Amino acid sequence: MRLVPWQPDDMLRRLDDVVSVYGEAMGYRAELLQTRRGYIGAHVRRAGFRAVATLTTDGHLAGFGYGYASGPGQWWHDQVRAALDEPARRRWLSDCFEVVELHVRPSAQGHGIGARQLRALLAMADGSTVLLSTPEADEQRSRAWRLYRRFGFSDVLRDFYFPGDERAFAILGRGLPLTERPPAEEAPAEDAPGIVGI
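Residues numbered from 1 in each chain as written. Predicted model: local features only at pLDDT ≥ 70, side-chain atom pairs only at ≥ 80, totals over all residues. Heavy atoms only, no water.

**Considering helix 5 (residues 86-93)**
In an α-helix, one turn spans 3.6 residues; hence positions three or four apart end up facing the same way. Along helix 5, the positions that sit buried rather than exposed are A88, W92 and L93. Summarising the axial view, the buried residues of helix 5 lie within an arc of 90 degrees, below the 170-degree limit, and thus occupy one face. Across from the buried face of helix 5, at angles greater than 90 degrees, the exposed residues are R90 and R91. Where the residues of helix 5 are buried, they touch helix 4 (75-83), strand 4 (96-104), strand 5 (129-135), strand 6 (154-160) and strand 7 (169-175). With a side-chain oxygen positioned 2.9 Å from the backbone nitrogen of A88, the residue opening helix 5 is D85. (Buried < 20%, exposed > 50% of the residue type's maximum accessible area, 1.4 Å probe, protein only. Helix = DSSP H or I, 4+ residues; strand = E, 2+ residues; numbered from the N terminus. Arc of directions from axis to C-beta. Contact = heavy atoms within 4.5 Å. Polar contact = N/O pair within 3.5 Å; in protein donor to acceptor, adjacent residues only side chain to side chain.)

Structure follows, in structure tokens:
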């Protein structure tokens, strides 16, 4: 497997594969995946867009992650901003990189791909903070939660509900650059299936 940075056009060329990995990791129905194609197509043109992909030796997509500069007028940013008080807005959103998606195909999970993708993505990120959202889960059992905690992500909001989704989410954040990561991040890597941002 090899981890590569992706430009916007790389992601658009492999959009079918990206949506396939997303669908497998999330367990979503086909009709929802078609909507996701449109979101991703729009996201690649946002300021500060950064993406990584993990490719197998034969070129298949095993995982991907991307994000961009979070800002006013973006749906996710505006939802989170409305839930924060003014000091938290200044701290977390004034110069923020948003991790939008981080997924690993289920058949490739358990080999550190999610951790490598997150590390590479955050190393490329511009901003002084990074935020992501992930469904609420048992922190000891969830691979995603264990990964984010190992990378030093702390609680910004808990039990947060996005309009149109009945699941509770946590908004997690940490400072950038990545060199601020705590020593615990050096533990053996695990993968992070599932959504981290919308």
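**Remarks on the sheet that holds strand 6**
The seven strands lie next to each other as 1-2-3-4-5-7-6, forming an open sheet whose pairing is mixed. Each end of this open sheet is capped by a strand with a single partner; those strands are strand 1 (2-6) and strand 6. Across the sheet, the mean angle from the axis of one strand to that of its neighbour is 20 degrees, orientation sign disregarded. Bridge count for strand 5 against strand 7 is seven bridges, and the pairing is antiparallel. Considered in strand 7, the bridge of S133 is made with I171. Those strands touched by helix 5 are strand 4, strand 5, strand 6 and strand 7, and its axis lies near 105 degrees from that of strand 5. (Pairing = 2+ DSSP bridges. Axes fitted to C-alpha atoms, helices over the stretch in contact; angles between N-to-C directions.)

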